[in-house]
Amino acid sequence: MNQIRPVILELRGIGKSFGPVRAVDAVVLRLQGGQVHALVGENGAGKSTLSKIMAGMLAPDGGQMMLDAKPYAPSNRNEAEQSGIRIVTQEFNLISTLTVAENIFFNDLPRSCGVIRYSTLNEKASRLLQQIGLDFIHPTSRAGDLPVGSQQLVEIASGLSRQCRLLILDEPTASLTDKETELLFSQIKALCRQGAAVVYISHRMEEIRRIADVVTILRDGRVVCTDTMDSLTTGEIVNRMVGRDWSDEYRRTTPETGPVALRVEHLSVGKKVRDISFVAHRGEILGFAGLMGAGRTEAMRAIFGADPIDSGRIYLHGSQRPSRIASPKDAVRHGIALLTENRKEEGLLLIKSIRSNCTLASMEKFSTAGYVRSAREKKHVGGLADRLRLRCWNTEQAAWELSGGNQQKLVVAKWLSTECDILIFDEPTRGIDVGAKFELYHLLSDLARRQKAILVVSSDLKELMLLCDRIAVMSAGRLVEVFDRKPFDEAAINRAAFREYVHPVHSQEHERNA
Amino acid sequence: MKRFSWKLPVWLTDYLGMAGALAILLAVFGFTAENFFSRSTFLIIADQVPDITILAVGMTFVLIIAGIDLSVGSVMGLSGTVVGALLVNAGQPVWLAVMAGVVVGFGCGLLNGLVTVRWSLPSFIVTLGMMEIARGAALRVTQSRTIYIPGYLDFITETRLLGISLPFLLAVGIVLLAQLVLSRTVFGRYMVAVGTNEEAVRLSGINPRPIKLVVFALSGLLAGLASIIQTARYQANPNNGQGVELQVIAAVVIGGTSLMGGRGSVISTFFGVLIISVLETGLAQANAQESTKRLITGAVIVAAVILDYYRQRIRHGKAG
Amino acid sequence: MVAQTFVQDFIEFITKGIQMMETKRSRLPAAGILFLGLMLGIPACARKTPSGPDKPVLALVMKSLANEFFKTMEEGARQHHQERASQYDLKVVGIKNEEDVSQQIKYVETLIAQKVDAIVIAPSDSKALVKVCKQAMEAGIVVVNIDNKLDAEVLASNGIKIPFVGPDNRKGARLAGDYLARRLQAGDAVAIIEGVPNAFNGIQRKLGFEEAMKASGMNIVSSQSGYWETAKANQVAAAILTSHPALKAILCANDSMALGAMAAVKAAGKTSDVHIVGFDNIEAVQTLLREGRILATVDQHGDKLAIYGIEYALDILKGQTTPADKETPVDLITAETLR
Ligand SMILES: Nc1ncnc2c1ncn2[C@@H]1O[C@H](COP(=O)(O)OP(=O)(O)OP(=O)(O)O)[C@@H](O)[C@H]1O
Ligand SMILES: [Mg+2]
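Conventions adopted
- Residues numbered from 1 in each chain as written.
- Chains lettered and ligands numbered in written order.
- Predicted model: local features only at pLDDT ≥ 70, side-chain atom pairs only at ≥ 80, totals over all residues.
- Heavy atoms only, no water.
- Phe/Tyr/Trp six-rings, centres within 6.5 Å; stacked < 30°, edge-to-face > 60°.
- Helix = DSSP H or I, 4+ residues; strand = E, 2+ residues; numbered from the N terminus.
- Buried < 20%, exposed > 50% of the residue type's maximum accessible area, 1.4 Å probe, protein only.
- Lys NZ or Arg CZ within 6 Å of the ring centre and 35° of its normal.
- Expected span 1.5 Å × (residues − 1).
- Contact = heavy atoms within 4.5 Å.
- Buried area = accessible area lost by both parts, 1.4 Å probe.
- Salt bridge = Lys/Arg side-chain N within 4 Å of Asp/Glu carboxyl O.
- Polar contact = N/O pair within 3.5 Å; in protein donor to acceptor, adjacent residues only side chain to side chain.
- Nonpolar A, V, L, I, M, F, W, Y, C, P; charged D, E, K, R; others polar.
- Patch = residues over 30% accessible without salt bridge, like charges linked within 9 Å, V, L, I, M, F, W, Y side chains within 5 Å.
- Areas by Shrake-Rupley, 256 points an atom, 1.4 Å probe, with all protein chains shown as cover.

**Student:** Would you mind showing me how to read the packing of aromatic side chains here?
**Tutor:** Each aromatic ring pair is summarised here by two numbers: the centre-to-centre distance and the angle between the ring planes. The tally for this structure, following the rule as stated, stands at nine aromatic pairs over all chains. Judged by centre distance (6.4 Å) and plane angle (35°), the ring pair of B:Y15 and B:F271 falls under tilted. One end of the pair, B:Y15, is in helix α1 (residues 10-32); the other, B:F271, is in helix α12 (residues 266-285), with 256 residues separating them in the sequence. Comparing B:Y15 with B:F271 shows no difference in burial state: the two are buried. Three or more aromatic residues joined by ring pairs form one cluster here, namely B:F29, B:F36 and B:F37. Positioned over the ring face of A:Y315 is A:R263, at 4.3 Å from the centre of the ring. Positioned above the aromatic ring of C:F279 is the side chain of C:R205, whose terminal nitrogen or guanidinium carbon lies 4.0 Å from the ring centre.

**Student:** What's the story with helix α14 (residues 404-416) of chain A in this structure? I'm lost.
**Tutor:** Because an α-helix completes one turn every 3.6 residues, residues spaced three or four positions apart along the sequence face the same direction. The first and last C-alpha atoms of α14(A) sit 19 Å apart over 13 residues, in line with the 18 Å expected at 1.5 Å per residue. With respect to burial, α14(A) is a largely interior element, 13 of its 13 residues being buried.

**Student:** Before we go on, may I ask you to explain the interface of chain B and chain C in this structure?
**Tutor:** Many descriptions give the size of an interface as the accessible area lost when the pieces come together. Contact with chain B, which involves 42 residues of that partner, is made by 51 residues of chain C. Buried surface at the junction of chain B and chain C, both sides included, amounts to about 3700 Å², of which 53% is carbon and sulfur. Three residues stand out in chain B for area buried against chain C, namely B:R145, B:Y148 and B:Y234, and they jointly supply 18% of the buried area on that side. If you look at where chain B meets chain C, you find six salt bridges. Salt-bridge contacts for C:K266 lead to B:D154; the nearest nitrogen and oxygen are separated by 3.2 Å. Remark: the boundary between chain B and chain C carries 19 residue pairs in polar contact (both at pLDDT 80 or more). Put simply, the parts of the chain that give the side of chain B that touches chain C at least two residues each are α2 (39-64), α5 (123-142), α6 (154-158), α10 (208-234), α12 and α13 (290-315) of chain B. The element best represented in the side of chain B that touches chain C is α5(B), accounting for six residues. Its residues placed into classes, the side of chain B that touches chain C shows 13 nonpolar, 18 polar and eleven charged.

**Student:** How should a nonpolar patch on the surface be read in this particular structure?
**Tutor:** Residue and element names in this part refer to chain B. There is a patch of nonpolar side chains on the surface, built from L161, L162, I164 and L169 and spanning about 400 Å² of accessible area. With respect to the secondary-structure elements, L169 resides in helix α7 (residues 166-184). With relative accessibility at 33%, the residue L169 sits in the partly exposed group.

**Student:** How should the arrangement of the chains be read in this particular structure?
**Tutor:** Contact analysis covers two pairs of chains in contact, and the most contacts occur between chains B and C. There is a gap between chain A and chain C: no contact, and a shortest C-alpha distance of 10 Å.

**Student:** What is the right way to look at the pattern of salt bridges in this model?
**Tutor:** It is possible for side chains bearing opposite charge to pair when their charged atoms get close. Residue and element names in this part refer to chain C. Within the structure shown, the criterion is met by 60 salt bridges over all chains. E327 is paired through a salt bridge with K171; the nearest N and O atoms lie 2.9 Å apart. One end of the pair, E327, is in strand β11 (residues 326-327); the other, K171, is in helix α7 (residues 169-181), and 156 residues separate them in sequence. The class for K171 is partly exposed, based on a relative accessible area of 43%.

Quick look at the structure:
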């Protein structure tokens, strides 16, 4: 049946090198109209590079592309868009100082005599957002002010804004919640019905299983195989991805929960975090679930001292006296670490080497009287890179050269280098491949076994249910309920996440009293 | 994991490039200027670079943290007039005057840093203000008059070790020390990090403010130090160092330090200073016309920066 | 008064500040500081010199007050005014940078608007200032030109005459050059360090030096600009000394540059072989003249120059003179005259 569908884009032996790295090698691919074609592979397998080549953002150094059986060699992104090929990249391309509407229609702003017609623009944008079900995003808000998840949605919206023949989505759901993922899927299906082809890149196997018709597995830049989705089991896919037998064996054994490591009381930050209290123990993994904008990131940042708090107290390591955490520096001194959700802006020094990124937060361990002990540093970084299976050819490489998932691993490596006892992970597995993801789970588990307290914020509830000992659910800035593993009740957690939005009585009362 | 390494160290390719550019320049003047390859030419250059070099070291640090210091020329002028006024008008001992000059420079730098950091202001505007303030103060201290310093500071210019003057040795020492600090110490690492992504540094549990403060104060301190050398050579003229900030920035940028912060090398800065100095001395020796001098100097600055662009590209393996 | 300079600087500062405010984060504090600056600045700018109704108001428009020569000139004028405060009121304005021609034009325009009675001006450019001076004359203001003579051709093409009161720089330079020539032998190599390339008085001094050198048969091996600055002159002098080791003298268009040349000669170890000549007779060179490290300089009596101009303007206002050029004295200063 696949044969009947027209081939829209065909790749013949496409290759691309970065210095000594062969990122993409002799790739052959046929993308058919009306089909969702999944690209899977480990971090650094070359998925993003390949899609950037298709979208005209990178020039291949070998091979040929055929669009509708005619040679196709776009020299930039604009040209590819003219030919109807659009991409939603893994790294955001929004201009943070422009509004949502301006970003969506950046390439063809409605104008008369060179003056932008804002009324038309905003109307068009708001219609589009509504269509895709994103009516909660206001077209005139500044893109940079939106939370990461919403930024990704805007990015997708701009990909959907115009007619296209081929839409490439590079890890579109990395920071979306289930509900938003559903929205996206319905859009993808609509697009397929119109005869367009979709390339879908993701590390989430269950998503791929649901949406994709055909899957191509990449390893080290080469195509391992292309097959219909039905003919492969998830296990087979992952085995071929990593090139060895692999099992997703991970079970959180009942931990030996130690003494209280962190006690938060009545923490409030503006309207985002309202009066939350909880306790985290040594040796346990505490998850934070909730919808986008529920205030989880804000709460974690406040605990870490990254943002000023309005009220509340934080007790550390079982102490009876509250600790003063006015800055991240205080937090780190008290043994708290935070992996921010936004690695590019807040986590990494992109133009600096893997080595200096890795040891940034723990320089005192690699120096004597202010003098850097390079040998010790190099040894540590090399070892850690191997342990985390960081895909690079040299630890002197700049961080921006790493693939998305490997950048995330680097942030993890930075904090593992410190001796922090309380580790807060905000979306730690965003963009990490399945193999690495389970490695990270094992790592977190291991850290917990070593009596560290682990806090994990994630939009992926399945992940939290797999990983955590307890899950705290936040809803509209409040911590509404904490669930124990016995085992977790997914439906109940979901209900809790909506609670404050459906019955916000509690909060209104509170505000009236305040 | 596969991990190869390129053998030729990056720093070597960098310095080789700069040294090559310098060599070409020397060769050109060797042909065009009379007596260019003489001992005295190199002594002149060695006499002329110390003050600029010392300022450029401070400027390199400031640019690395993504700041800029437009006040160095004026601060140098002010420190010099303070030295002159204390020595001549107030009859103070040499050590005290010299100390005071350095302290005044340090104070100006500290003030730049405090204002920049406390209110998160762009250093461009803060140091622009300081540029005016320090110049005004220098004119005030001297009543707009050059103070002639009879011989007190001659030991600075006249002490020679193996034929090399004290200021030159001092400048080279500062360059080496600063390069060591930049590439081998935690402070250097933090400086580069702050210039690259200040927020990421803050969220790594490091307070970027003291780092910035120290860098600005250091720039002022070095301006104070440079002023001692300037004053010893040229007397205490309140107009000393006018426009020097641009010359210094040019030298630093020729050395490959980025105006965007996060990237720079003190040794390369020194090469940048040498290139500019050789260029100016050579053009003067070749008896070039005023207009020619300016045309050529400008062209060399732009060419050097373009060269640096390609050097960066080669380093990052970004072909095509 | 100096408030004029302040106003201009202040406006410049505020504009730059506003531009900087566009950058993120710093918006609030920057705005605060600017506001504060405005509040403090405006009354300071607004303060005026009180002037009686009957006394004529004279404005002295200078080049850079950061320059010692003009500072001396200004002080001379103030002294003169203090002694005769009942006769006239004085305003003094000076630009920040000697090359800032447009700034000086703006000052003159402001003075026209303020309806002063006379303007005594040391133009920063001998051509560019003619037009605004004409406007002043058309507004009934007496204009007297000091220090740097306005270009005769441009004046003629504008159909105006402006009296020039000042020294003949060329003559002064010639005096110093002739004095030097007596110490040299015909054919000796000499070099000239010029002022800023387009400055009239700098050019005149250079011409004077050249005349003297040619008349006595010296060989001018190089003539380059030192931009009136010590450090720059030092660099140029050092380079010339290297390329012409037989050099016997350096003639500098001002004393600051002579200081730089002196440092270069000293560094080359030729203090006893190379003579240095300067111009302006600033305080700092007097010891050096006595010690013989600088051979000669020229005094054009800067402290009196403005006074001549002011007195001349007052005379014209009183109808006592018809406008005509008036030359002021220039004197050669050497170790002998100082004694
Ligand atoms: N600009 C670049 N310079 C050097 N190397 C690069 C560059 N871009 C990508 N690479 C390298 O190419 C390889 C493929 O990277 P790519 O981003 O395509 O991986 P990916 O499959 O998208 O991974 P992920 O799942 O982590 O996003 C990686 O080894 C990466 O380090
Ligand atoms: Mg990718």
